[in-house]
Amino acid sequence: MDAEKQLLKDEPPLLERVAKPRHSVLHLALLWFAVILGARFISTSLPTFVHDRILSSTSSSTSSGVCVQYPAVKPPADAVLDANKEHIFSADYRNKSAVILSGLVQVRSESFDDLGVIGEDPRWDVFYTVEEYLKKTFPLVHDKLELEHVNTHGLVYTWRGSDSALKPAMLMAHQDTVPVPNETLDQWTYPPFEGKYDGTYVWGRGVSDYKNSLASTLEAITLLLEAGFQPRRTIVLSYGFDEECGGLEGALPISRHIQDVYGPDSVAFIMDEGGMGISKMGGAVFAMPSTAEKGYTDVHFELHTPGGHSSVPPPHTGIGILSEIVVSLEAISYEPSLSTTSPVFELLQCAATRGTLSDSLKANVLAGNGHSKKARKARHDAAVEYAKGGRSRRYVVSTSQAADVVRGGVKINAIPEYSEVVINHRVSIDSTLESVYSHIKDVVLPIAEKHGLTLNIFNETIRFEPDLAEDIPGGELKIYADRKTIKPAPISPTSAPQWALLSSTIQHVYADQYPQGLTVAPSIMTGNTDTKFMWNLTQHIYRFSPMDRSRSGGTHTVDERLFFDDHISGIYFYHELLRNADVADLP
């Protein structure tokens, strides 16, 4: 977010929206002709056949072919469903919605890295309470939709569509939150599980990550049910319960369950949390759904060395040797890079054509299309310059490493016999897990040789002999990646009808808030969501939190709060996305 605030400054005024046409044959023909030529922002109710053609189109308005945009599209007119807009934004509904979200925050559903077996560890039992709250709060959903339990606490709701030939649409959220350390309780403006609504914000743990969308998706479904909406396309709601500690008990079994029911590549699109939301920067507004996530790997370094009394230590204890490894790894940063398929490169192209970049960065971005030597150099130079803008920029174009956990020694007068470091890596979408492991091996090998260690590194054993004459007692170093490892996510295409559907819906939903228009551009997630287990279901995975993150704050820390206007807009977004998806031609 901070990176793009620096990146995107004043841009030229966007094209004004086209005025609503009259529904004559001539006007409809002119409207469609304008869309083909690139009408930038159109907000109108369209006949179904025109609506489908727009959403299934893979091109739109740009003169250069860079930063393709799609027009705003309303769902087909329906007086009852259309009336929900005024209802959603009314004061009465706002207050009702605030009570719903506040009550959900009051359920303390923290997840922990050391959770035991479900049914044995009582800390899982809070998710029974979450389900009870959802059943009490959304009775119509539980009356009309099918609910399946996956691995006890995973909740999968299915709203059967009338056309079984259509691939289902899938919305995701998670029931759990990160914990609140007791040491921070006195730092909160309001107690973290009070769910305080002050008229502007709802405060509390999980209110923006991600109980807001757990509530807003169910609110949108309820509103559609109350209006008599009957989908053609099946709608699936997937709510995991351990996203904050990896998703192995929630999202992973849910993914397997959905594949068992529908098969692989069976879902039209998936919408989950993430992206960079909507941001107004320098007079321009950008909506930035994420189309990819960085890879993830925790690499463990476990070192066994001879012990002894600390009054006669060796030249280097196990802690010292691991420190040398950490310092050596940190001394070499991963190289920034941008490929032509990178969502960051596409975002930069949008910034270059619709925002303001430095002259050199803009020139390199615009020269970076293609695979010629000149284009590759331009992208490399753009990545390097962009990475110099700070950590928030650097780590969307390069792999990060962070030594986060260290253990060693049990007594001040005893040489440690066991020491451990765990280094977290978020792997660039333009890199691979194998390149990270190869780099680690290159750095560690000379250190292992220097200290006479037997090295077991990523299932390969390499022996270096200790030298007692030189006071090198040796030891055994094991280096491995744990089971949470995941490669960089496949990049969801922005040339597909699913992206056009999302873009057109965003343009429609936020037309009143941003009448000057907005630019929809892809971004990436530096972290990971539950979607990392859903690649088998569809290539169209979009991570988008319908909110301006600059207006909320405190995610994963003290004073988490959600600007409530954004929550209301989010309900309307899901309401309209599902309506548009129901008439869209999606393969």
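Here's what I pulled together on the structure shown here. Note that this is a predicted model, so its numbers are computed, not measured. (Residues numbered from 1 in each chain as written. Predicted model: local features only at pLDDT ≥ 70, side-chain atom pairs only at ≥ 80, totals over all residues. Heavy atoms only, no water.)

Once that is clear, we can look at the nonpolar core. Counting 76 residues, the largest nonpolar core has Leu-134, Ile-221, Leu-237, Ile-506 and Phe-573 as its most contacted members. Take this core: its biggest share by element is nine residues, from helix H17 (residues 564-583). Every residue in contact with Ile-506, bar those within four places of it in the chain, is listed here: Ala-287, Pro-289, Leu-518, Val-520, Phe-544 and Phe-573. Counting residues in hydrophobic clusters, the runner-up holds 27 residues, among them Leu-322, Ile-447, Ala-448 and Ile-457. (Core = buried A, V, L, I, M, F, W, Y, C linked by side-chain atoms within 4.5 Å. Buried < 20%, exposed > 50% of the residue type's maximum accessible area, 1.4 Å probe, protein only. Helix = DSSP H or I, 4+ residues; strand = E, 2+ residues; numbered from the N terminus. Contact = heavy atoms within 4.5 Å.)

This brings us to the packing of helix H5 (residues 91-105) against H17. Contact geometry of H5 with H17 gives a least axis separation of 11 Å together with a crossing angle of 100 degrees. As judged from the angle between their axes, H5 and H17 are roughly perpendicular. Touching Tyr-93, Arg-94, Ser-97, Ala-98 and Leu-101 of H5 are Phe-564, Asp-565, His-567, Ile-568 and Ile-571, all from H17. Counted by class, the contact of H5 with H17 contains six nonpolar, two polar and two charged residues. (Axes fitted to C-alpha atoms, helices over the stretch in contact; angles between N-to-C directions. Parallel < 35°, antiparallel > 145°, perpendicular 65-115°, else oblique. Nonpolar A, V, L, I, M, F, W, Y, C, P; charged D, E, K, R; others polar.)

Looking now at the pattern of salt bridges. Using the criterion set out here, one finds 19 salt bridges in the structure. Close ionic contact of Asp-114 with Arg-123 constitutes a salt bridge, the shortest N to O distance being 3.0 Å. With its nearest N and O atoms 4.0 Å apart, the salt bridge here joins Asp-143 to Lys-144. The same class applies to Asp-143 and to Lys-144, which are both exposed. Salt bridges linked by common partners bring Asp-82, Glu-576 and Arg-579 together as one network. (Salt bridge = Lys/Arg side-chain N within 4 Å of Asp/Glu carboxyl O.)

We now examine the side chain of Ser-266. Counting through the fold element by element, Ser-266 comes out in the loop between helix H9 (251-262) and strand S6 (269-272). Separated by 2.5 Å, the side chain of Ser-266 and the backbone oxygen of Gly-263 make a polar contact. Ignoring anything within four residues of it in the chain, the contact list for Ser-266 reads Lys-167, Pro-168 and Leu-537. (Polar contact = N/O pair within 3.5 Å; in protein donor to acceptor, adjacent residues only side chain to side chain.)

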